[in-house]
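Coordinates in review
As a plain string of letters, each chain reads:
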Amino acid sequence: MTISEHQGDIRLSSERHNASVTVNTFGASLHSWKTSVDANDGTEHLFVSSKSKPGGPKPIRGGVPVVWPCFGPPDPAEEQFSRLKQHGFARNSVWKHLASVSEGSSDELAFELTSTDEIRAIYALPFRLVYVVRIISPASISTSLTVQHLESGSEDMNFQALLHSYWSVDNIQETSINGLHNLDYSDKTRDQAHFTEAREVVAAEGETDRVYFDAPSSSVELRTGKGKLAFTFDKLQDVVVWNPAAKVSDGMADMEPNGWQRFICVEPGCIASKVMLKPGESWTGSQTITYTAT
Ligand code: BG6
């Protein structure tokens, strides 16, 4: 494998898997995953708005921002979240690049985030996050978040976590998701009312912002136009499906013109039930994505 670094971007090229990933230390934002890199620069699977910069200072609009320790606007009932912004601070903090290693059949990059004075001012609990991005095979990667509540903590830690993945699609109108049929969901475009998904194949019809609860770990598949992405989720049982459609997309300062037509977010997380860690405990949640060309 070959590692190159440029302005916070760490790019891992895996010659044996003919694939590459690029992660910026700002937010540990994975913002490129390419397969078949020897053919016309490869196939890019992640969307990043051309009006967004992976290196900050704003969270990246695309790729896979790491959402922690809260999802969406902070829960007012949760004292630990009271000074946080939407989606927490992991996505706009600078992480440390820990290591680049070849382990068995995977080539991987690891990043770490620990508290700083700036973070302590908004979030008091002592923590260590480790985020690992692995190229596992020519067609699959995984991204894995470990949360450690450090021994020095004195109260239990409750958190939500989400891997806010923006998948590149050829045309949103021809994009579909399988594997959500019969799941209960909360619809953020309808005052978070709860419904049950009646469709076997889900498409983004207009503004879509839903949290599907308790998805089976390996049933969700996305058809992007380029091919199929099959997901396996571990300890990330809720799945957000988000596409802002034209009106909301046009109002977003960091979204490229008509950007909504070129991505859909399929984001595994733990949202409905917060994870609880006692001091000294840790938790890992991950997603594995496998691409099949059509
Ligand atoms: C999704 C949420 O995960 O993220 C949406 O479900 C939200 O409600 C979207 O609009 C983008 O959030 P942000 O903070 O990156 O603009």
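Residues numbered from 1 in each chain as written. Predicted model: local features only at pLDDT ≥ 70, side-chain atom pairs only at ≥ 80, totals over all residues. Heavy atoms only, no water.

Some details on unusual backbone geometry
Note the cis peptide between Gly-56 and Pro-57, where omega equals 10°. Summarising the element assignment, Pro-57 is placed in the loop between strand E5 (43-44) and strand E6 (66-67). In this structure, Pro-69 follows Trp-68 across a cis peptide bond, with omega equal to 5°. One can find Pro-69 in the loop between E6 and strand E7 (96-103). One non-glycine residue, His-87, lies in the positive phi region at around 65°. Here His-87 is to be found in the loop between E6 and E7. Positive phi, close to 55°, is recorded for Asp-191, a residue that is not glycine. Take Asp-191: it is sitting in the loop between strand E14 (184-187) and strand E15 (193-196). Residue class for Asp-191 comes out exposed when judged on its relative accessible area of 76%. (Helix = DSSP H or I, 4+ residues; strand = E, 2+ residues; numbered from the N terminus. Buried < 20%, exposed > 50% of the residue type's maximum accessible area, 1.4 Å probe, protein only.)

Focus: the pairing of E14
Sheet topology note: the E14/E15 ladder contains four bridges and is antiparallel. Bridged to Ser-186 within E15 is His-194. Taken together, E14 and the strand that follows it, E15, pair antiparallel across an intervening segment of five residues, in which Asp-191 is found at a positive phi of about 55°. Bridge count between E14 and strand E17 (residues 208-212): three bridges; the pairing is antiparallel. Considered in E17, the bridge of Asp-187 is made with Arg-210. (Pairing = 2+ DSSP bridges.)

With respect to the UniProt feature "binding site: substrate" (unreviewed entry) in the protein chain
Look at the UniProt record and you will see "binding site: substrate" (unreviewed entry) annotated at Arg-61, Gln-86 and Arg-91. Spanning 31 residues, the named residues form one tight spatial group whose C-alpha atoms are at most 13.9 Å apart. Mapped onto the elements, Arg-61 comes out in the loop between E5 and E6. The buried category is assigned to Arg-61, whose relative accessible area is 18%. As for its position among the elements, Arg-91 is in the loop between E6 and E7. Not counting the four nearest positions on each side in its chain, Arg-91 is found in contact with Phe-26, Gly-27, Pro-59, Pro-65, Val-66 and Gln-86. (UniProt positions renumbered as here; feature names shortened; annotations may be inferred. Contact = heavy atoms within 4.5 Å.)

Re the sheet that holds strand E2 (residues 9-14)
As summarised here, the arrangement of the five strands in space is E1-E2-E3-E4-E5, forming an open sheet in which the pairing is antiparallel. Looking along the sheet, the strands with just one partner apiece sit at the ends: strand E1 (2-6) and E5. Here six bridges tie E2 to strand E3 (residues 19-24), and the two strands are oriented antiparallel to one another. Considered in E3, the bridge of Ser-13 is made with Ser-20.

Observations regarding the side chain of Gln-287
Checked against the element boundaries, Gln-287 lands in strand E22 (residues 282-293). At 3.1 Å, the side chain of Gln-287 and the side chain of Ser-165 are in polar contact. (Polar contact = N/O pair within 3.5 Å; in protein donor to acceptor, adjacent residues only side chain to side chain.)

Focus on the packing of aromatic side chains
Counted under the stated rule, the structure contains 18 aromatic pairs. With centroids separated by 6.0 Å and ring planes inclined at 90°, the aromatic side chains of Tyr-166 and Trp-242 adopt a geometry described as edge-to-face. Remark: Trp-242 occurs in strand E20 (residues 238-243) and Tyr-166 occurs in strand E12 (residues 166-168); sequence separation between them is 76 residues. Through successive ring pairs, a cluster of aromatic residues spans Trp-68, Phe-89, Tyr-123, Phe-127, Phe-159 and Trp-283. Directly above the aromatic system of Phe-195 lies the positively charged group of Arg-190, at a separation of 4.2 Å from the ring centroid. (Phe/Tyr/Trp six-rings, centres within 6.5 Å; stacked < 30°, edge-to-face > 60°. Lys NZ or Arg CZ within 6 Å of the ring centre and 35° of its normal.)

With respect to the site of the ligand
Inspection of the region around the ligand gives Arg-61, Phe-71, Gln-86, His-87, Arg-91, His-164, Lys-188, Asp-209, Val-240, Trp-242 and Glu-267 as its neighbouring residues. Within the contact set of the ligand, an oxygen atom lies 2.8 Å away from a side-chain nitrogen or oxygen of Glu-267. When isolated, the ligand has an accessible area of 390 Å², and the protein chains bury 83% of it. Residue classes in the shell around the ligand are distributed as three nonpolar, three polar and five charged. (Near = heavy atom within 4 Å. Areas by Shrake-Rupley, 256 points an atom, 1.4 Å probe, with all protein chains shown as cover. Nonpolar A, V, L, I, M, F, W, Y, C, P; charged D, E, K, R; others polar.)

Some thoughts on the UniProt feature "active site" (unreviewed entry) in the protein chain
Taking the UniProt record as the reference, the feature "active site" (unreviewed entry) is found at His-164 and Glu-267. A maximum C-alpha distance of 4.8 Å is found for the annotated residues, which run over 104 residues; spatially they form one tight group. Positionally, His-164 belongs in the loop between strand E11 (157-163) and E12. With residues up to four places along the chain from it excluded, the contact list for His-164 reads Gly-63, Val-64, Pro-65, Val-67, His-87, Trp-242, Cys-265 and Glu-267. Within the fold, Glu-267 resides in strand E21 (residues 263-277). Not counting chain neighbours up to four residues away, the residues in contact with Glu-267 comprise Leu-162, Leu-163, His-164, Ser-165, Asp-238, Val-239, Val-240 and Trp-242.

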